[in-house]
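Single-letter residue listing:
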Amino acid sequence: MTSSSTLALLGGKPVRTRLFPAYSVIGEEEKAAAARVLDSGILSRFLGAWHPDFFGGPEVQAFEQQWAALSQVKHAISVNSCTSGLYAAIGAAGVQIGDEVIVSPYTMAASATAAPVFNGVPVFADIDPDTYCISAETIRARITERTRAIVVVHIFGQCADMDPIMELAREHRLVVIEDCAQAPFATYKGRPAGSLGHMGVFSLNYHKHIHTGEGGMVTTNDDRFAERLQLIRNHAEAVVEKKGVSDLSNMIGFNFRLGEIEAAIGREQLNKGPGLIEQRKENVRYLENRLSGLPGLRMPVVGAAQDHVYYIHVMDYDAQVTGVTREKLVQAIKAELPATELREGEGPLLNMGYVRPLYMLPLFRQAAATMGHASPMARAVAAGQVSYQDGLCPNAERAHYTRVITHELMRPGMQQQDLDDVVAAFHKVWENLDQLRA
Ligand SMILES: *Cc1c(COP(=O)(O)O)cnc(C)c1O
């Protein structure tokens, strides 16, 4: 064995030490947009009273119209994060004390914390082992007479199989909220994410495909949901009387308002979105052509109805095939590669597992974060109606603890040489698996 093939993890020379290029999507267009707002002197035009400005300023409203057109929906309601959007959607859906909301455990925490904000009870359904999304089958197994809504997360950038889910929802009169944080511009049977359920919620935080620093958007075709979302966004309690709202359920408002600068930037980001997605797909194709033959490594499974937008490139790893544990393998690949500019502290953007199934969070395990043991969650657990115990969602646990390898090394900005270095790192590790078995 030559020293050049010694794995970096074992003291050899790494494939690359120079940082990967940053994912930076802010340019002249966004600078001009922000300057336009600054020059106007009006950084937000929202008014928490029944008045035309209740719906926000010109940039906010233009951004919403542009988003609605692109998502092929009647209404888009901007918010200051996807988390706020999820909270607003659960409120708009009318979730009441003790209502059950079915959700994936394999997602960012806010998908599941929205229900308890309105005293609802999250019920975790298992994921499909190929798409990592919840499915009609896994949802059906969790439906009870208390179920009110479903939060379907289009995880990693691929839509869940929505038609059977919507059929099930119709059968049981459930509200379906799509968490599209990781799937803007994704489609299912040619229809955009966010137009498939009753409401769709998007993120515009700095890590997402397109961003405004912080921000979010909620889409819906339903006039009533749209009105409730707008109320919850902007101090509902101050306007429901003047607006003549009769259904006051969940009509305590928040301040989830998006600023004018963010909205102006968002309009430019929306223009750039499709091109950025195309680059992601090209990079994924390039990597997959060169990684798909590696024994024990499976590329993401994309459904025939879906168009994947690759927020994260997620691979399935079978340690039985290589005889090397996933932990050791990922350590070895990471040792060959550098961090990415602007995200230096995170090391190479390659990891295992994604997130621990959410029911393992203390919030659910102790079920006491809101209202202590009087909380509907705690009562539902005590009554044996829901469980947050290990083993609840075997596919999610298996993905997290044994199978999944994720990376973000396909983001736009990565040039061919950068991608070639990623490929070289994988191949070097696979050619030297014996060093890891020893
Ligand atoms: C990022 C993310 C969120 C939260 O988005 P914020 O805008 O940061 O609140 C929610 N759900 C999923 C699946 C996410 O990836």
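Nothing here was measured: the structure is a model prediction, and the numbers come from that model.

Brief notes about the layout of surface pockets
Right, on to step 1. Roughly 300 Å³ of volume is contained in the largest pocket.
Right, on to step 2. Lining the largest pocket we find 21 residues, and of these Met108, Ala181, Ser203, Asn205 and Lys208 sit closest to its centre.
Right, on to step 3. Those elements that provide at least two residues to the lining of the largest pocket are α3 (82-92) and α4 (110-117).
Right, on to step 4. For the lining of the largest pocket, the element with the highest residue contribution is α3, accounting for three residues.

Quick notes on the pattern of salt bridges
Right, on to step 1. All chains considered together, the criterion is met by 28 salt bridges.
Right, on to step 2. Arg45 is the salt-bridge partner of Asp53, the closest N and O atoms lying 3.5 Å from each other.
Right, on to step 3. Under the relative-accessibility criterion, Arg45 is labelled partly exposed at 37%.
Right, on to step 4. Connected via shared salt-bridge partners are Arg343, Glu346, Glu408 and Arg411.

Considerations on the sheet that holds strand β2 (residues 100-103)
Right, on to step 1. The strand order across the open sheet formed by seven strands is β1-β9-β8-β5-β4-β2-β3, and the pairing between neighbours is mixed. What marks the edges here is a single partner per strand, and that holds for β1 (75-79) and β3 (121-124). The average angle at which neighbouring strand axes cross in this sheet is 25 degrees, direction not considered.
Right, on to step 2. Looking at chain direction, β2 and strand β4 (residues 147-153) are connected through four bridges and run parallel.

Examining the site of the ligand
Right, on to step 1. With respect to spatial proximity, 14 residues lie near the ligand, and among them Thr83, Asp179, Ser203, Asn205 and Lys208 are the closest.
Right, on to step 2. One nitrogen or oxygen atom from the side chain of Asp179 is found 2.8 Å from a nitrogen atom belonging to the ligand.
Right, on to step 3. At 2.9 Å, a side-chain N or O of Gln182 approaches an oxygen atom of the ligand.
Right, on to step 4. Within the complex, the protein chains bury 92% of what would otherwise be the 390 Å² of accessible surface of the ligand.
Right, on to step 5. The cavity where the ligand resides is the largest pocket.
Right, on to step 6. The class makeup of the residues in the shell around the ligand is four nonpolar, eight polar and two charged.

Looking at the packing of aromatic side chains
Right, on to step 1. As enumerated under the stated definition, the model contains 18 aromatic pairs in all.
Right, on to step 2. When the ring of Phe156 is compared with that of Tyr354, the centres are 4.9 Å apart and the planes differ by 75 degrees; the resulting orientation is edge-to-face. Pair noted here: Phe156 is in the loop between β4 and α6 (162-172) and Tyr354 is in the loop between β13 (350-352) and α12 (362-366), with a separation of 198 residues, a long-range link.
Right, on to step 3. Here the aromatic cluster, defined as three or more aromatic residues joined through ring pairs, consists of Tyr106, Tyr132, Phe156 and Tyr354.
Right, on to step 4. When the ring centre of Tyr23 is taken as origin, the NZ or CZ atom of Arg280, which lies over that ring, is 5.1 Å away.
Right, on to step 5. Directly above the aromatic system of Tyr286 lies the positively charged group of Arg290, at a separation of 3.5 Å from the ring centroid.

Observations regarding the packing of α3 against α4
Right, on to step 1. Relative orientation of the contacting elements α3 and α4 amounts to 40 degrees, with a least axis distance of 8 Å. The angle between α3 and α4 falls in the class oblique. The hand of the α3/α4 crossing is right-handed. Along the contact surface, α3 presents Thr83, Leu86, Tyr87 and Ile90, while α4 presents Ala110, Ser111, Thr113, Ala114, Ala115 and Val117.
Right, on to step 2. Classifying every residue of the contact of α3 with α4 by side-chain character gives seven nonpolar, three polar and no charged.

Regarding the environment of Met108
Right, on to step 1. In this structure, Met108 sits in the loop between β2 and α4.
Right, on to step 2. Put simply, Met108 and Arg356 are 248 residues apart on the chain and 9.6 Å apart in space, counted from C-alpha to C-alpha.
Right, on to step 3. Residues contacting Met108, with those up to four places away along its chain left out, are Tyr354 and Leu358.

Cut-off values and rules
- Residues numbered from 1 in each chain as written.
- Predicted model: local features only at pLDDT ≥ 70, side-chain atom pairs only at ≥ 80, totals over all residues.
- Heavy atoms only, no water.
- 1 Å grid on protein atoms, 1.4 Å probe; cavity = no way out; pocket = protein on both sides within 12 Å on 5 of 7 lines; lining within 4 Å.
- Points joined across faces, edges and corners; volume = space filled by probe spheres on them.
- Helix = DSSP H or I, 4+ residues; strand = E, 2+ residues; numbered from the N terminus.
- Salt bridge = Lys/Arg side-chain N within 4 Å of Asp/Glu carboxyl O.
- Buried < 20%, exposed > 50% of the residue type's maximum accessible area, 1.4 Å probe, protein only.
- Pairing = 2+ DSSP bridges.
- Axes fitted to C-alpha atoms, helices over the stretch in contact; angles between N-to-C directions.
- Near = heavy atom within 4 Å.
- Polar contact = N/O pair within 3.5 Å; in protein donor to acceptor, adjacent residues only side chain to side chain.
- Areas by Shrake-Rupley, 256 points an atom, 1.4 Å probe, with all protein chains shown as cover.
- Sits in = over half its atoms within 2 Å of the grid points.
- Nonpolar A, V, L, I, M, F, W, Y, C, P; charged D, E, K, R; others polar.
- Phe/Tyr/Trp six-rings, centres within 6.5 Å; stacked < 30°, edge-to-face > 60°.
- Lys NZ or Arg CZ within 6 Å of the ring centre and 35° of its normal.
- Parallel < 35°, antiparallel > 145°, perpendicular 65-115°, else oblique.
- Left-handed = near helix turned anticlockwise from the far one by under 90°.
- Contact = heavy atoms within 4.5 Å.

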